[in-house]
Amino acid sequence: MVNVAVFASGNGSNFEALVRRAKLYEVRCLIVDQENAYAITRAKNLNIPYYFIDRDQYQSRKDYESAILKILDSYQIEWIALAGYMRIVGQTLMKAYPNHILNIHPSLLPLFPGKQAILDAYENQVKLTGVTVFIIDEGIDTGKIVAQEAITIKENMKLEDLENQIHQVEHEIFSNTLHDLIGGKI
Ligand code: GAR
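Since the structure is predicted, the reported quantities are computational estimates derived from the model, not experimental observations. Within each chain, residues carry numbers counting from 1 in the order of the written sequence. In keeping with the model being predicted, local features are shown solely for residues with a pLDDT of at least 70 and side-chain atom pairs are shown and tallied solely at 80 or more, while totals for entire chains, interfaces and linings include all residues. Only hydrogens and water are set aside when side-chain values are computed; all heavy atoms of the structure are taken into account.

K.L.:
Any chance you could break down the packing of aromatic side chains for me, citing the residues and the numbers?
P.N.:
Here is the rule: rings of Phe, Tyr and Trp (six-membered ring for Trp) pair when centre to centre is within 6.5 Å. Planes less than 30 degrees apart are stacked, more than 60 are edge-to-face, and the remainder are tilted. With the rule as written, the count across this model stands at 3 aromatic pairs. On the basis of an interplanar angle of 80° and a centroid distance of 5.2 Å, the ring pair of Phe7 and Tyr85 is categorised as edge-to-face. One end of the pair, Phe7, is in strand β1 (residues 2-8); the other, Tyr85, is in the loop between β4 (79-82) and α4 (91-96), with 78 residues separating them in the sequence. Whether a residue is buried, partly exposed or exposed follows from its accessible area with a 1.4 Å probe, protein chains only, as a fraction of its type maximum: under 20%, in between, or over 50%, in that order. We classify Phe7 as buried; its relative accessible area is 1%. Secondary structure elements are defined from DSSP: runs of H or I of at least 4 residues count as helices, runs of E of at least 2 residues count as strands, and each element is numbered from the N terminus.

K.L.:
Give a detailed account of the layout of surface pockets, specifying residues and quantitative values.
P.N.:
Of the pockets and cavities examined, the largest pocket occupies roughly 670 Å³. A cavity here means a set of 1 Å grid points, computed over protein atoms only, where a 1.4 Å probe fits but cannot escape. A pocket is an open set with protein on both sides within 12 Å along at least 5 of 7 lines, and lining residues have an atom within 4 Å of a point. Taken together, 31 residues line the largest pocket, and the ones lying closest to its centre are Gly84, Tyr85, Met86, Ile104 and Gly114. Tallied by class, the residues present in the lining of the largest pocket amount to 14 nonpolar, 12 polar and 5 charged. Lining the second largest pocket are Tyr122, Gln125, Val126, Lys127, Ile153, Lys154, Glu155, Asn156 and Met157. When the residues that make up the lining of the second largest pocket are grouped by side-chain class, the tally is 4 nonpolar, 2 polar and 3 charged. Grid points are joined across faces, edges and corners, and a volume is the space filled by probe spheres set on the points. As a working rule, the residues Ala, Val, Leu, Ile, Met, Phe, Trp, Tyr, Cys and Pro are called nonpolar, Asp, Glu, Lys and Arg charged, and the rest polar, with Gly in that last group.

K.L.:
Before we move on, could you go through the packing of helix α1 (residues 13-20) against helix α6 (residues 159-182) and cite the residues and values that matter?
P.N.:
Remark: α1 packs on α6, axes separated minimally by 9 Å, with the N-to-C direction vectors making an angle of 50°. Classified by the angle their axes make, α1 and α6 are oblique. Of the two possible hands of crossing, α1 and α6 adopt the one that is right-handed. Contacts between α1 and α6 involve Ser13, Asn14, Ala17 and Leu18 from the first element and Glu170, His171, Phe174, Ser175 and Leu178 from the second. Along the lines of polarity and charge, the residues of the contact of α1 with α6 split into 4 nonpolar, 4 polar and 1 charged. Convention adopted: a line fitted to C-alpha atoms gives each axis, helices being fitted over their contacting stretch, and angles between N-to-C directions are expressed from 0 to 180 degrees. Working rule for angles: under 35 degrees goes down as roughly parallel, over 145 as roughly antiparallel, 65 to 115 as roughly perpendicular, anything else as oblique. It is the rotation of the near helix from the far one that decides the hand of a crossing: anticlockwise by less than a right angle makes it left-handed, clockwise makes it right-handed. Here, two residues are considered to be in contact whenever any of their heavy atoms come within 4.5 Å of each other.

K.L.:
Help me get a handle on the site of the ligand, residues and values and all.
P.N.:
Taken together, 13 residues are adjacent to the ligand, and Gly12, Ser13, Asn14, His105 and Glu170 come closest. Contacts described as polar in this section are N or O atom pairs within 3.5 Å, which, within protein, must combine one atom able to donate a hydrogen with one able to accept it, while residues neighboring in sequence count only if both atoms come from side chains. A distance of 3.5 Å separates an oxygen atom of the ligand from a polar atom in the backbone of Ile104. Side-chain polar atom of His105 to a nitrogen atom of the ligand: 3.0 Å apart, as the coordinates give it. Residue exposure ignores everything except the shown protein chains as possible cover, and the areas themselves are Shrake-Rupley values with a 1.4 Å probe. Burial of the ligand by the surrounding chains reaches 90%, relative to a free accessible area of 450 Å². Broken down by secondary-structure element, the contributors of at least two residues to the shell around the ligand are α1, β5 (101-105) and α6. Looking at the shell around the ligand, its residues break down into 3 nonpolar, 8 polar and 2 charged. The rule for a residue being near a molecule or strand is that one of its heavy atoms must lie within 4 Å of it.

In C-alpha cells, the structure reads:
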C-alpha cells in the first residue's frame, strides 16, 4: 500500500473521491490551509486524520512547509495529491517529493490556468474544455501532464451543468491516474 497525503483548501470533493476510490494507495491524512474548509468535515466523516496548518503562523514559506513535512514524515507519505489546494508549492516540499506531487486542474492545460478555470473557459465560449492531471513544477498550473479528458461545451449549456460534469470527470480521473502512476502504467 502506498501512503498518500491530500492537500485541500476548500470543498474537498476530490479529496473524498480519492479516499473512496483507493485501491493501491491509502489516504493517510489531509492537510488544509483554511480553517473553514469543508474538506475538514469530510475528513471527520471519513475518519481520516486532518491537520489545519495556518500559513500566517509561520514567518516564511520554508517554515510553513517544514511543519507540513514533519506530519508527512510521520505517516511515511510517498505521494502528495493536491485537491483544490490554492497555494503555490515551494522548494521545501518540491525537493522532498521530486516528481511525486500530483495536481488536478479543471481545464485542458495549458489553457485557462488559475483559480477560476471553469468560468474562464465558459466565458470564452470555447467548445471544448476538460480536466488535466499533472505533476507539478515551480509554475502555476504548469508541469508534466499525465492525463487529460476533454468535455464538450454544448450550445446553451448552463455553467452549473459544466461544473457538475467537470467535477464528475475529476473524481474518476484523479484516482485512476494515481493508480496508474503507482502501478507503473504511466
Ligand atoms: C477542483 O475543480 C480542482 O480542479 C480545482 O479546484 C477544485 C476543487 O474542488 N483546482 C484548481 O483550480 C487548481 N488550479 P474540490 O475542493 O471539491 O475538490
